[in-house]
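Residues per chain are reported as follows:
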Amino acid sequence: MSADPESTLLLASSVPIVVHIVAMSVYCLLGAFQFSPALRIRRGWHRTAGRALIPAGFIAALSSVWLAVFFRGPPDELALAMIRLVFAVAMTIFLVLGVIAIKRRDFAAHGAWMTRAYAIAVSGGSQALVFALWTIIIGEVDVFGEAWLVAAGFVINSVVAELLIRRRSGRRMSGVSGRGALES
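Figured I'd write up the structure that's included with this text. Computed from a prediction, not measured in an experiment: that's the story for all the values here.

## Describing unusual backbone geometry
Located in the positive-phi region is arginine 105, a residue other than glycine, with phi close to 65°. Secondary-structure assignment places arginine 105 in the loop between helix 4 (78-103) and helix 5 (107-121). Among the residues examined, arginine 105 registers a relative accessible area of 56% and is labelled exposed.

Given below as structure tokens:
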């Protein structure tokens with residue numbers, strides 16, 4: 001690094017990006033195993049992994065907030081930054097509510113809040129799919145369309161998460177025991 005102001009600005013921008021990528025990668029990869037029925041029944045796995053996931057999730061969500069506020073890009077990308085900010089704040093709130101629920105030993109609420117947070121975290125995959133389909137069918141996306149497609153990815157994952165949560169709560173109500181969050 002030189003004393004050049006541009007290199008200082010680049011470093012200030014790249015540190016949160018790297019932090020976000022590392023934290024989100026840990027959260028998304030390790031978090032996927034939290035839904036495995038085989039691993040959930042192993043004594044201690046879920047709790048131990050959760051102790052690593054919660055901080056990674058908070059770092060990922062809060063770095064998302066930082067990036068949306070301070071690294072939003074050109075003025076014409078304000079809508080995209082606001083969409084990312086809304087979902088980053090929502091993920092942070094869901095993580096807080098998940099931690100509160102587990103402290104109260106409310107396992108159903110904990111699972112629901114963490115499922116919602118995880119759905120937001122893995123929305124990048126849905127966004128890539130939505131972008132690919134849009135580009136194949138319709139063509140290039142402008143900045144305004146990009147904001148809508150990113151929002152669509154977040155909404156798709158959020159709807160799927162709510163359906164999974166409702167399915168789990170329906171099983172508990174009817175007395176049918178499910179072995180895992182994503183089990184058919």
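That shown, we press on.
## A word on the nonpolar core
Formed by 26 residues in total, the largest nonpolar core has its most connected members in Tyr27, Ile83, Met91, Leu95 and Ile120. Where this core is concerned, the elements lending two or more residues are helix 1 (5-33), helix 3 (45-70), helix 4, helix 5 and helix 7 (143-174). Examining the composition of this core, we find that 7 residues originate from one element, helix 4, more than from any other. Among all residues touching isoleucine 83, those that are not within four sequence positions of it are Ala147, Val150, Ala151 and Phe154.

## Considering the layout of surface pockets
In this model, the second largest pocket occupies a volume close to 470 Å³. Lining of the second largest pocket is provided by 24 residues; of these, His20, Ser64, Leu67, Arg84 and Phe154 occupy positions nearest its centre. Elements represented by at least two residues in the lining of the second largest pocket include exactly helix 1, helix 3, helix 4, helix 5, helix 6 (123-137) and helix 7. With 6 residues, the single largest contributor to the lining of the second largest pocket is helix 4. For the lining of the second largest pocket, the class distribution of residues is 15 nonpolar, 6 polar and 3 charged.

## With respect to the pattern of salt bridges
Evaluation of the coordinates by the stated rule reveals 3 salt bridges. For arginine 116, the salt bridge identified is with glutamate 162, shortest N-O distance 2.5 Å. With arginine 116 in helix 5 and glutamate 162 in helix 7, this residue pair connects regions lying 46 residues apart in the sequence. You can call arginine 116 buried: its relative accessible area is 14%. A residue is classified by how much of its surface remains accessible, and glutamate 162, at 23% relative accessible area, is partly exposed. A salt bridge links glutamate 162 to arginine 166, with the nearest nitrogen and oxygen atoms 3.6 Å apart. In this pair, glutamate 162 and arginine 166 both sit in helix 7, 4 residues apart, roughly one turn of the helix. By relative accessible area, arginine 166 is classed as exposed at 52%. Taken together, the shared-partner salt bridges connect Arg116, Glu162 and Arg166 into one network.

## Some remarks on helix 5
Here helix 5 spans 21 Å end to end across 15 residues, near enough to the 21 Å set by a 1.5 Å rise per residue. Helix 5 sits mainly inside the fold: 12 of its 15 residues count as buried. Every buried residue of helix 5 is listed here: Ala109, His110, Gly111, Ala112, Met114, Thr115, Arg116, Ala117, Tyr118, Ala119, Ile120 and Ala121.

## What about helix 3?
For helix 3, built from 26 residues, the straight-helix expectation of 38 Å at 1.5 Å per residue is met to within 8% by its first-to-last C-alpha distance of 37 Å. Residue arginine 51 marks the point of greatest curvature in helix 3, where the axis turns by about 30°; the proline proline 55 follows within four residues. For helix 3, the full list of buried residues reads Ala49, Gly50, Leu53, Ile54, Ala56, Gly57, Ala60, Ala61, Ser63, Ser64, Leu67 and Ala68.

The rules behind each value
- Residues numbered from 1 in each chain as written.
- Predicted model: local features only at pLDDT ≥ 70, side-chain atom pairs only at ≥ 80, totals over all residues.
- Heavy atoms only, no water.
- Helix = DSSP H or I, 4+ residues; strand = E, 2+ residues; numbered from the N terminus.
- Buried < 20%, exposed > 50% of the residue type's maximum accessible area, 1.4 Å probe, protein only.
- Core = buried A, V, L, I, M, F, W, Y, C linked by side-chain atoms within 4.5 Å.
- Contact = heavy atoms within 4.5 Å.
- 1 Å grid on protein atoms, 1.4 Å probe; cavity = no way out; pocket = protein on both sides within 12 Å on 5 of 7 lines; lining within 4 Å.
- Points joined across faces, edges and corners; volume = space filled by probe spheres on them.
- Nonpolar A, V, L, I, M, F, W, Y, C, P; charged D, E, K, R; others polar.
- Salt bridge = Lys/Arg side-chain N within 4 Å of Asp/Glu carboxyl O.
- Expected span 1.5 Å × (residues − 1).
- Bend = angle between axes of the 7 residues up to and from the residue.

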